[in-house]
Structures are given as C-alpha cells and as structure tokens.
Amino acid sequence: MDAARAFLRHPSGMVGLVVLLVVVVIALIAPIVFPVSPWEMVSAPFTPPGEDGLLLGGDTLGRDVAAGVAYGARVSLVIGIASAMAAMVIGVTIGAISGYFGGKVDLVLMRVTELFQTIPAFVLAILLVATFNPSLLTIILTIGAVSWPPLARLTRAEFLRLRNREFVEAALCQGEGTLQIVLGHILPNAISPILVVTSLTVATAILLESALSFMGLGDPNLMSWGFMIGAGRTVIRNAWWMSVFPGLAILITVLAINLFGEGLSDVLNPRVSRRRS
Amino acid sequence: MSDAVRAKAPVLSVEGLSIALPEGGDRPFAVENVSFEVKPNEVVCLVGESGSGKSMIAHAVLSLLPKSVDIAAGAVIVAGQDPAKLDRQALRRLRGGEAAMIFQEPLSSLNPLKRVGRQIEEMILTHQKPMPSAIEVHERVQQLLTQVGLPNPKLLEKSYPFELSGGQRQRVMIAMAMANRPALLIADEPTTALDVTTQRQILRLIDDLRRDRGMGVLLITHDFGVVADVADRVVVLRHGKVVEQGTVEEVLRSPKADYTRELIDAVPKARLDEIRRTAVHPTPLLEVIGLEKTFRVKRGLLQPPREVVAADGVSLTLYEGETLAVVGESGSGKSTLGRMIMRLTEPDGGAIRFNGQDLRQLRGEALRQARKQLQIVFQDPFASLDPRQKVGDAIARGPMAFGTSRTEAMEQARKLLVRVGLNAVAADRYPHEFSGGQRQRICIARALALKPRVLIADEAVSALDVSVQAQVLALLAELRQEMKLAMIFITHDLRIAAEIADRVIVLQKGRIVEEGATADVFTAPQAAYTRDLLDAIPGRDFFDQPGFASVTGALPTARMSS
C-alpha cells in the first residue's frame, strides 16, 4: 500500500484522479440530474447556452446539450475502460506466451503483432465496425482488437527480462508448473508497467470511440460525445456550443486519464519514486 | 618546507570526519569521528563490511559525496587542501591531478564510446598547463600504457573498452589515474570484480607504481587477504566508526578489538590437517559423463559466430554425502556445469546419470520428479527470491507443488526457517526486509524444503560479507551432516573450496585440469594452472603461516546474521 500512499503525494496524478472522479460522478448521476432522455427535444432548435433553462444550450433539434454531455460520459467511460480491458487481455496473453516460450512461437506471434501495428488502427477500426453492426459490444471489441499490440510488446519485453531471473529458475527447480510460474511469479513482477500502459489505453480508446461516432459509426442508440460533435460540426460557425462542450469533455477526460496514468507510472517505477523520496 | 619535511607530511589526513546521512536513514551518521593519515609511499587499507561507510570516506576525499549527505564535522586534507572548501576550478585541479581514484567496476568507469587512448589523453590535456603538444601527449600515453603492463600499447590505445578483458580495463583505469603523477591514489575495491590471478597482478602493479613514485595509496577492501598482501597500515571500520587502526603486523597478528578478530577468523582458510576424509558411501549418486557445451554468439552478417566452450568433455562422479568443489575463474564454465546438471541449460552432448536414470532423457513429469532431488542455491540472494512473494510461501511452494497440503507445508517452512537460523515469523515477511545473508539462508531453506539428495551451491556465498560468509558456510556444513546431503560447491574462491570440500575439481575453459582430494590438490597441485590459482590467493603467505590456523580454531557455529 506504499504505492497508494505515494500516489496521494503525486500532484499531477492527484489532479488527474480528482477530475476523473468528477467525470465518473457526472456519469453516475446523469439520470437523476437529467431525468429526460438526452434524445428528447426539450426546447427550440439552436437555443444558446443559458437560455430556456438549458445550461449548455440546445442542439439543431432542440435536444439538451448538457444532458448529452452527461450521458455521453457514461458511454465514453464504459467503452474506454471495457475496451482497454479487452486490449489488456489480448495483449498480455499474446505477449506472455511469446515472451515465455520464445523461439518459433514468439516469431509467429510477433509477426502477427507487427501486422496489426502496420495497419493504421483507425482504418482497421472503421472496417471492423462497418462490417459488424455498430453496437456497444462490437465497438468495445473493435477498439480492443486494434489497441492490443503495444501491450503485447510490453508484456513480451517484461517476460523476456524476467524469464531467466533466478527466482523463476528456482521456482522451476522446485517443481512448479508453467502456469503457476507465469501467473504466480512472472506476471506479478511485470504488472506495474502493464497497468500504466492500460490506463493510457483507456484515453486512446475514448478518442477512438469519439472518432468512430463522429464518422457516424457509433452505436445509434447511445448519445456519445463524438456523435454530438459530428452532429454539430456543420453549424459550428453559428452554434459553437454544440460541438465545443462535448469537445471540452473529451479533452478534459483524456487529459485526466493521461495525468493519472503518468502519476501511476511514476509511483510504480521504483527508480523514479526512489529519486522522489 | 624542506624536502625532508615534505616527504614525511601526510598526503591525506582525515581529521575527526563525520558525514551525516539524510533523516530517516538507519543511522544518523554514515561515518562518525574518523581520523587517519596516509603518508607518501604508504598503502593504507580501509577495511570493513558492506555498510561500514568505507566508500563514503573515499568519496569525501574527492568531494564526490551525493547531494543528500553532508560533512557534519571534521575535515579531509588532501595535499594541504580541503576539497570541501575548494571552488570548482581548484577542485578540478585536485581531482585527477593531486589525487586520483579508481573504482570497482572498470567497465562502467570507462566511456564505452571512446577509444581508451583518447580517454587517457583527455586526462592529461585537462590538467597539464601549458597544453603539451600532440606528440608529447601521445608519447606520454604510450609510456603510461607500457608502465601499467599492457601488451602492445600501440594497438591497445586504439581499442574500445568492450574489447578489453576486466584486468586490462582496470589497468587502463590505473594508467588514467597515473597520468598526472598524483600524490594520492584512492582505489575503491579495485580487484573485487576480478579473478584471483588478475587480482594479484593488479595489486602488484599498484604496489610497484607506489614504490616508483612514492605516492600514498588509500585502498578500500573487504578482503583481509588483500590487506595482508599489500597494506602498510590498516584502518578497520564498523558502522562508520573506526574500530581499530595500526600497522598490518599489529592488527592482523594481535588484533585488539573483538570485531577485528572476528573478521580475521572469518577469512576462509585451508585447514588441510583438519580435513577428514569422510567415509563416503561407495555407490555413486550422480555421474556426469563427457558433458559438452559450446555457446555460439552471433556476430555480424559475414563474421563467423564467436564460440565459447563452456564444457569440453567434463566428467565427474558425486558420491552420497560428499562435498565436491568446482573451482575456476570466470568463463571456466563452472556455473554452466551446475546449470546443466539442473537441466536449466541444455548440454550439447554427454550424459548426466542420477539414481540410475539419464537426466538428459527425461521430459515433463519425470523431469519434475527428478529435479525434486536436485536443488540449487544461486549466487545473488537478491535476484533469487521473488520480491512479491512472502518468504513462507517461497519455501512452501515446492512441497505444495508435489501435493503437500498448505498447512503442512507452511508448518514445515517455519521449522526450516528456524533451522537455518531465522525466526519462524519471518515466514510472513517479504524478501526485501532481509539482509543478504538472511536471504541466502532463506534460499537454502527453500532448496532443502524438498529434501533433496544433491544440493548445488552456485557461488552461494560469493556475494556476502566475510563474516556472513563464514556463518553460511558453517550452516551448510551442518546441514550436510544432518541431511546426508551430497553437495556440488561451485566457487571462484579457492579458500572457500578448501574450507568446505572433500574433493576438488579445477576447471579451465570448460576442461577439467585437475581433480583430487582437497588436501592433495592444495598441498601437491599437479597442474600448472592450479599452482597459479593457489599462488594468487590473497594473503596466502600471511594466513598459511604455521601456527596461525590453530588460533582460528574450528568452523564458527551457524548463527543469525546481522
């Protein structure tokens, strides 16, 4: 729990965490503050911010932008976290197998990883979402499927570093099985950098989702930040608030996650935290 | 000041030096009220175990202390100047000019991207005013390289550090230190990373240079053998305080402080008269037959791979209850031998027969069962325990993998911890809470948890302080008796081999050059290589003198370390 205590003393990490918590709270209380669905037309179209009881104004169809931003937080967070998890599961599994067994297995898996790395992630994501029907689940899986290569590479590097360490060899000599060694000895010692990269993957996943929604490839039943910007972009010169507020929401959330992730990395990296103390 | 007076004036005097550690450390002072002098043409050894503050003193002399620690009291006077009070310019003139330093690890002390000749030149150019001509500098570099005994200086000055051996690198470091004819040479564990034969050459070189130039040498070491070989005077440090100081004769022959006596006793010594040849069981337990292993390191596209022979027809037999020492210098293939027996490294050819089976033919479950009876203790006690696993779990994991219930395995782990001299509550703590010696005890407990018949100790005590080393060796000797263990003791230190082994195998470049009972190998070595190794043992003349062994008595009993 030293790491938790050290994190509390990390200034920018704490700023990130607090902002992130605010976003989470907004996402949680959205249905209480805005009992009316964000898709409901509640005012005249093009209502500027502050008029007609709408804090952030209304959009081209008179829907409440504030409600949209609040409900969008739910979509962004769910998709961001779930797809980062998906990416972590895929990446760690492939990286662990590749790093632990080495040889031909490593060769094949790393070529596959490179294949995914050379195709631009966004193009592949568009392709996948367009092929399957866009829904919450397919979007999560798609983003997971295009975001795992860095995690696989990192996990592989960590496994290569730890595989020949003496405590791993000692476990082998003690008769422990492969799965036991990998899950019980190597992974716990490799987990810190993996967690850091996963937390930063959440931020890129949110951006990817927004970009997909902006292109009109989001889940049509979910009000998301990217969709709002996409819908408002054509009228940005006479109704800036429709795209600026969801845009700010993305900016702030992604920034907060990045600050949190970097704080985490500083705290979990023994070299940096020792220098601090 | 007349020349006669100057010759007697100390080149270094440390007066009541105290260095404060930052708050929250394990003690308030790294070094407390330390005073000693180094006169010209004198070698003073600063001896102490890890954490005694000996390196701190060396760093204070050149004002190289880390920012977080400060000199709290006292002063260091180098050639009439106090480095702590000098401005940057004067300090630069002092460092590498009046006083030079060499470090333990020559590879990390040299710039890997610069040719060594260039690095020595730099040393001269920084200090000589007016700047000498390029030809003069070049001549001086050649001269220095010749003086430190490096073959073919012309070729050598164009080499990069990675192309040189450890001993050659340390010679280059010494040449750099000598470049400006310093009055004081500080050597911080200069031979610890080197093989015994190289160690002897380097110590000799330092001693010769000292005599030629009449410089003062402050040599920092943990090895009393080294002290006995080169020192004029000795300062013994413990926890930052001077325990004892005096001439070598005084301190080594009749130590006044108990701590000094303990340290001297802890130096492993060949007690050949005491070695009883244990009646060994006639049946061989482990047979290694014609083991072959060559490592191939790929180089450039067109160059042939570099081949390193680690085993070239190595055969050995280990009997029940016997301790066999495998000695050799770095690169002799001794660790590879141990790893091949454990099947951690795959041999290219040969057979390993254990209990009637050939280990090399075993796969999967059969290998797992066989490995249970062969256990290994590694050199580095810090790398061989999983930092995220509690000590009790580390020991219990093995038996649990073979079907023992968790409660039973933990119970057994606690008993083993007590047996190796630790507390049963240690089971619930993490490895980082223990010292090196304690960790090595944990590793031994872990290896013994499976009740092996053969224990391979791969440099198991090399990373430990001498006093701790003696305790761990004593523990191993006791356990060997108690559990009827056969042991393969891999070490580079012949003194340790002589202390613990029944039989010795001497390896050189993957070949066995000599094999025999410990007493025979040590008293009547057959191979020239063995004789070289024996001659190179530091402090041999001193500690092997008649009558000395009787003072030291038997093995100290195993006790809790630090």
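Residues numbered from 1 in each chain as written. Chains lettered and ligands numbered in written order. Predicted model: local features only at pLDDT ≥ 70, side-chain atom pairs only at ≥ 80, totals over all residues. Heavy atoms only, no water.

Interfaces are often sized by the accessible area lost when the parts come together. Chain B puts 25 residues into the contact, and the matching count from chain A is 16 residues. Around 1,800 Å² of area is buried between chain B and chain A when both sides are counted, 49% of it from carbon and sulfur atoms. Of all residues in chain B, Asp386, Arg388 and Arg397 of chain B bury the most surface against chain A, accounting for 30% of the area lost on that side. The interface formed by chain B and chain A contains two salt bridges. Secondary structure elements with two or more residues in the side of chain B that touches chain A: α14 (364-371), β15 (374-377) and α15 (391-401) of chain B. Of all the elements, α15 of chain B adds the most residues to the side of chain B that touches chain A, at five residues. Residues of the side of chain B that touches chain A, tallied by class, amount to 12 nonpolar, five polar and eight charged. (Contact = heavy atoms within 4.5 Å. Buried area = accessible area lost by both parts, 1.4 Å probe. Salt bridge = Lys/Arg side-chain N within 4 Å of Asp/Glu carboxyl O. Helix = DSSP H or I, 4+ residues; strand = E, 2+ residues; numbered from the N terminus. Nonpolar A, V, L, I, M, F, W, Y, C, P; charged D, E, K, R; others polar.)

With that settled, consider a nonpolar patch on the surface. A surface patch of nonpolar side chains, amounting to about 530 Å² of accessible area, comprises Val24, Val25, Leu28, Ile29, Ile32 and Val33 of chain A. Structurally, valine 33 of chain A is set in helix α2 (residues 11-33). (Patch = residues over 30% accessible without salt bridge, like charges linked within 9 Å, V, L, I, M, F, W, Y side chains within 5 Å. Areas by Shrake-Rupley, 256 points an atom, 1.4 Å probe, with all protein chains shown as cover.)

Residues and elements named next belong to chain B. The strand order across the open sheet built from six strands is β15-β16-β17-β12-β18-β19, with neighbouring strands paired in mixed fashion. Where the open sheet ends on each side, the last strands, each with one partner, are β15 and β19 (511-517). Strand-to-strand twist across the sheet, computed as the mean angle between neighbouring axes with direction ignored, equals 15 degrees. Across the sheet, helix α13 (residues 334-341) lies against β12 (323-327), β15, β16 (454-458), β17 (486-491) and β18 (503-508), angled at about 150 degrees from β17, the strand it touches most. (Pairing = 2+ DSSP bridges. Axes fitted to C-alpha atoms, helices over the stretch in contact; angles between N-to-C directions.)

This part is about the pattern of salt bridges. Throughout the structure, instances matching the rule amount to 32 salt bridges over all chains. Of the charged contacts in the structure, one is a salt bridge between aspartate 59 of chain A and arginine 63 of chain A, with a shortest N-O distance of 2.9 Å. Grouping residues by exposure puts aspartate 59 of chain A and arginine 63 of chain A together as buried. The residue arginine 343 of chain B makes a salt bridge to glutamate 346 of chain B at a minimum N-O spacing of 3.2 Å. You can call glutamate 346 of chain B partly exposed: its relative accessible area is 36%. Several salt bridges share partner residues, and in doing so they unite Asp207, Arg210, Arg211 and Asp232 of chain B into one network. (Buried < 20%, exposed > 50% of the residue type's maximum accessible area, 1.4 Å probe, protein only.)

This part takes up the packing of α2 of chain A against helix α3 (residues 65-101) of chain A. A pair of packed helices is characterised by two quantities: the angle between their axes and the separation of those axes. Residue and element names in this part refer to chain A. At a minimum axis separation of 8 Å, α2 and α3 run at an interaxial angle of 120 degrees. In terms of orientation, α2 and α3 fall into the oblique class. When you trace α2 past α3, the crossing you get is left-handed. Between α2, through Val23, Val24, Ile26, Ala27, Leu28, Ala30 and Pro31, and α3, the contact on the second element is made entirely by Ala70, Tyr71, Ala73, Arg74 and Leu77. Residue composition of the contact of α2 with α3, by class: 11 nonpolar, no polar and one charged. (Parallel < 35°, antiparallel > 145°, perpendicular 65-115°, else oblique. Left-handed = near helix turned anticlockwise from the far one by under 90°.)

Looking now at the environment of glutamate 121 of chain B. Residues and elements named next belong to chain B. Topologically, glutamate 121 is positioned in helix α5 (residues 116-127). In this structure, the C-alpha to C-alpha distance between glutamate 121 and valine 34, residues 87 residues apart in sequence, is 36 Å. Excluding its chain neighbours within four sequence positions, the residues that come into contact with glutamate 121 are Val137 and Val141.

What follows is about the domain arrangement of chain B. Residue and element names in this part refer to chain B. One can read the domain layout of chain B as domain 1 (1-98 + 183-267) and domain 2 (105-181). Here domain 1 and domain 2 have C-alpha centroids that lie 25 Å from each other. Summing the contributions of domain 1 and of domain 2, the shared interface buries around 1,400 Å²; its carbon and sulfur component is 63%. Three residues stand out in domain 1 for area buried against domain 2, namely Gly96, Leu205 and Arg213, and they jointly supply 36% of the buried area on that side. Applying the counting rule to domain 1 against domain 2 returns zero salt bridges. (Domains from an automatic or database assignment.)

With that out of the way, let us pick up the nonpolar core. Residue and element names in this part refer to chain B. Counting residues in each nonpolar core, the largest one holds 56 residues, and the members touching the most others are Ile120, Val172, Ile174, Leu185, Leu219, Phe224 and Val234. Built from parts of two domains, this core gets at least three residues from each of domain 1 (1-98 + 183-267) and domain 2 (105-181). Counting 35 residues, the second-largest nonpolar core is a separate cluster that includes Leu416, Val420, Ala457 and Val472. (Core = buried A, V, L, I, M, F, W, Y, C linked by side-chain atoms within 4.5 Å.)

We now examine the side chain of aspartate 386 of chain B. Within the fold, aspartate 386 of chain B resides in the loop between β15 and α15. Within the buried core, aspartate 386 of chain B has no salt-bridge partner, and the shortest N-O distance to an opposite charge, that of arginine 388 of chain B, equals 6.1 Å. A distance of 2.8 Å separates polar atoms of two side chains, one belonging to aspartate 386 of chain B and the other to asparagine 189 of chain A. Filtering out sequence-adjacent residues up to four positions away, aspartate 386 of chain B remains in contact with Phe167, Gly184, His185 and Asn189 of chain A together with Pro431 of chain B. (Lys, Arg positive; Asp, Glu negative; His and termini not counted. Polar contact = N/O pair within 3.5 Å; in protein donor to acceptor, adjacent residues only side chain to side chain.)

What follows covers a negative patch on the surface. Negative charge collects at one region of the surface, where Asp229, Asp532, Asp535 and Asp541 of chain B lie side by side. Assignment of secondary structure puts aspartate 535 of chain B in helix α21 (residues 528-535). (Charge placed at Lys NZ, Arg CZ, Asp CG, Glu CD.)

Further remarks concern the packing of aromatic side chains. Residues and elements named next belong to chain A. Evaluated as defined, the whole model comprises seven aromatic pairs over all chains. For the pair tryptophan 240 and tryptophan 241, a centre-to-centre distance of 5.9 Å together with 85 degrees between the ring planes defines the contact as edge-to-face. The partly exposed category is assigned to tryptophan 240, whose relative accessible area is 41%. Residue tryptophan 241 is classed as buried on the basis of its relative accessible area, which comes to 6%. Ring centres of tryptophan 240 and phenylalanine 245 lie 5.6 Å apart, and the angle between their planes is 50 degrees; on these two criteria the pair is classed as tilted. The buried category is assigned to phenylalanine 245, whose relative accessible area is 19%. (Phe/Tyr/Trp six-rings, centres within 6.5 Å; stacked < 30°, edge-to-face > 60°.)

Take the pairing of β17 of chain B next. All names here are of chain B. Across the six residues that make up β17, a large majority, six, are buried. The alternating pattern of β17 places Ala486, Ile488 and Ile490 on one face and Met487, Phe489 and Thr491 on the opposite face, and all of these are buried. Pairing of β12 with β17 involves five bridges; the strand directions are parallel. Counted as the bridge partner of alanine 325 is phenylalanine 489 from β17. Where β16 lies against β17, five bridges are found, and the strand directions are parallel. Of the residues in β17, the one forming a bridge with alanine 457 is phenylalanine 489. Once you follow β16 into helix α18 (residues 466-483) and on to β17, the crossover reads as right-handed. (Right-handed = clockwise from strand over helix to strand, strands pointing away.)

Attention now moves to unusual backbone geometry. Located in the positive-phi region is serine 63 of chain B, a residue other than glycine, with phi close to 55 degrees. By the secondary structure assignment, serine 63 of chain B is in the loop between α2 (54-61) and β4 (70-78).

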